[in-house]
Amino acid sequence: MNKPVLVIMAAGMGSRYGGLKQLDPVGSHGQLIIDYSIYDARRAGFETVVFVIKPEIEADFKAAIGDRVAQVMDVKYAYQLKEDLPEGYAVPAERTKPWGTAHAALSVRGIVDGPFAVINADDYYGPEAFREIHAYLSSHPDGALYEYVMVGYLLKNTVTENGTVARGVCEETAENFLTQVTERTKIEKGEPPRFTEDDGKTWTDLAGDTIVSMNMWGFNRSFLDEAWKRFPAFLDKALAENPAKAEYFLPTVVSQLIDEGKARVKVLRSEDKWYGVTYREDKPAVMAAIAEKTASGLYPDNLWEVRV
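First, a word on what this report is: a plain description of the structure on this page.

Reading the values: the criteria
- Residues numbered from 1 in each chain as written.
- Predicted model: local features only at pLDDT ≥ 70, side-chain atom pairs only at ≥ 80, totals over all residues.
- Heavy atoms only, no water.
- Axes fitted to C-alpha atoms, helices over the stretch in contact; angles between N-to-C directions.
- Helix = DSSP H or I, 4+ residues; strand = E, 2+ residues; numbered from the N terminus.
- Parallel < 35°, antiparallel > 145°, perpendicular 65-115°, else oblique.
- Left-handed = near helix turned anticlockwise from the far one by under 90°.
- Contact = heavy atoms within 4.5 Å.
- Nonpolar A, V, L, I, M, F, W, Y, C, P; charged D, E, K, R; others polar.
- Polar contact = N/O pair within 3.5 Å; in protein donor to acceptor, adjacent residues only side chain to side chain.
- 1 Å grid on protein atoms, 1.4 Å probe; cavity = no way out; pocket = protein on both sides within 12 Å on 5 of 7 lines; lining within 4 Å.
- Points joined across faces, edges and corners; volume = space filled by probe spheres on them.
- Salt bridge = Lys/Arg side-chain N within 4 Å of Asp/Glu carboxyl O.
- Buried < 20%, exposed > 50% of the residue type's maximum accessible area, 1.4 Å probe, protein only.
- Pairing = 2+ DSSP bridges.
- Right-handed = clockwise from strand over helix to strand, strands pointing away.

Focus on the packing of helix H1 (residues 33–44) against helix H2 (residues 58–69)
Between H1 and H2, the least distance of the axes is 11 Å, while the angle of their chain directions is 15°. Between H1 and H2, the interaxial angle falls into the category roughly parallel. Crossing hand, H1 versus H2: right-handed. Every residue of H2 that contacts H1 at Ile-34, Asp-35 and Ile-38 is listed here: Phe-61, Ile-65, Arg-68 and Val-69. A per-class count over the contact of H1 with H2 returns 5 nonpolar, no polar and 2 charged.

Here's the deal with the side chain of Ser-213
With respect to the secondary-structure elements, Ser-213 resides in strand S11 (residues 211–219). Engagement of the side chain of Ser-213 in a polar contact is seen with the backbone nitrogen of Asn-215, the distance being 3.1 Å. Among residues more than four places away in sequence, those in contact with Ser-213 are Met-150, Arg-167, Gly-168 and Cys-170.

Observations concerning the layout of surface pockets
Empty space within the second largest pocket amounts to approximately 190 Å³. For the second largest pocket, the lining is made up of 13 residues, of which Val-159, Thr-160, Glu-161, Lys-273 and Ala-285 are closest to its centre. When residues of the lining of the second largest pocket are traced back to their parent elements, those giving at least two are strand S13 (275–276) and helix H7 (283–295).

Section: the pattern of salt bridges
Per the stated rule, a full pass over the model turns up 20 salt bridges. Across the pair Glu-247 and Lys-97 runs a salt bridge, and its minimum N-O distance is 3.4 Å. Residue Glu-247 is located in the loop between helix H5 (222–241) and helix H6 (250–259), and its partner Lys-97 is located in the loop between strand S3 (74–79) and helix H3 (101–106); the two are separated by 150 residues in the primary sequence. For Glu-247, a relative accessible area of 32% translates into the label partly exposed. For Lys-97, a relative accessible area of 31% puts it in the partly exposed group. Through salt bridges with shared partners, a single ionic network connects Glu-226, Lys-229, Arg-230, Glu-260 and Lys-262.

A word on the pairing of S3
With 6 bridges joining them, strand S2 (residues 48–53) and S3 adopt parallel strand pairing. Within the sheet, the bridge partner assigned to Thr-48 lies in S3 and is Asp-74. Handedness of the crossover is the feature at issue here: the chain leaves S2, passes through H2, returns alongside S3, and the resulting connection is right-handed.

Some remarks on unusual backbone geometry
The residue after Glu-191, namely Pro-192, is reached through a cis peptide bond having omega 5°. Relative to the helices and strands, Pro-192 resides in the loop between strand S8 (178–188) and strand S9 (194–195). Located in the positive-phi region is Asn-215, a residue other than glycine, with phi close to 60°. With respect to the helices, strands and loops of the structure, Asn-215 is situated in strand S11.

Digging into the packing of H5 against H6
Across the interface, H5 lies against H6 with an axial gap of 10 Å and an inter-helix angle of 100°. Taken together, the axes of H5 and H6 lie roughly perpendicular to each other. Contacts from Phe-223, Glu-226, Ala-227 and Arg-230 of H5 reach H6 at Leu-250, Val-253, Val-254, Gln-256 and Leu-257. Of the residues that constitute the contact of H5 with H6, the class distribution is 6 nonpolar, 1 polar and 2 charged.

The structure is reproduced here in structure tokens:
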């Protein structure tokens, strides 16, 4: 069985944040959020990382993070291009961006040929999550069903003071296998948190201990094959209904496979608090959290000058 690979989705330009947030330092020696994810992943057992980026940020990305990480891990690059479509499809004139998180994962289909974890570049997940997902991927090859895994977080630990966030709201069995993920694209902090589907005209409460997806998934190669096979059906609908903005979400593919009885997804749990820079105003809180974790000894002050 191939060793698990870490895939980091870093192609987004951070439109709400107002800049290329993936390259914005949060540590005292210029470390990015990705540095802490990679550090946690490496000490959990991951040896290879694949960055999914846009070609136009490659030079800046390598200078800011890629060349540094390449000294301690095997680093590869995949490029998320809106033109990367099945034969017979073309990018509509009004489309300016790629096609979402499932499309980002598909960017690695020529590189990854075994189990892999996939995460966002701009989210802090905590060391426990990487240990758990690496252990699961290392011991659960596909069998009669595709064997996948997700690390879920408590909703109350994943919201920001500075605006709405998008989260996948999870439902699961008593044995902690996922039954459904529903994308809620506008959730705001509150007691309890709440979401809207009509730009704030109405709101629906969600319990603070609701398990949500932070896009920390673990898959076998079968997921890439299935996502590519299902891409045309998504495109047919997207091009007819919302060609400029429709997105092919990872949880959409997962839900389809579960509904069809082809896959099961174990839901692992983390009670770590999420930190991320969805908005520029989030950065001070992230920096303070990293400083506290460094002071407590969870991380060295200068990550890559010490052995992991």
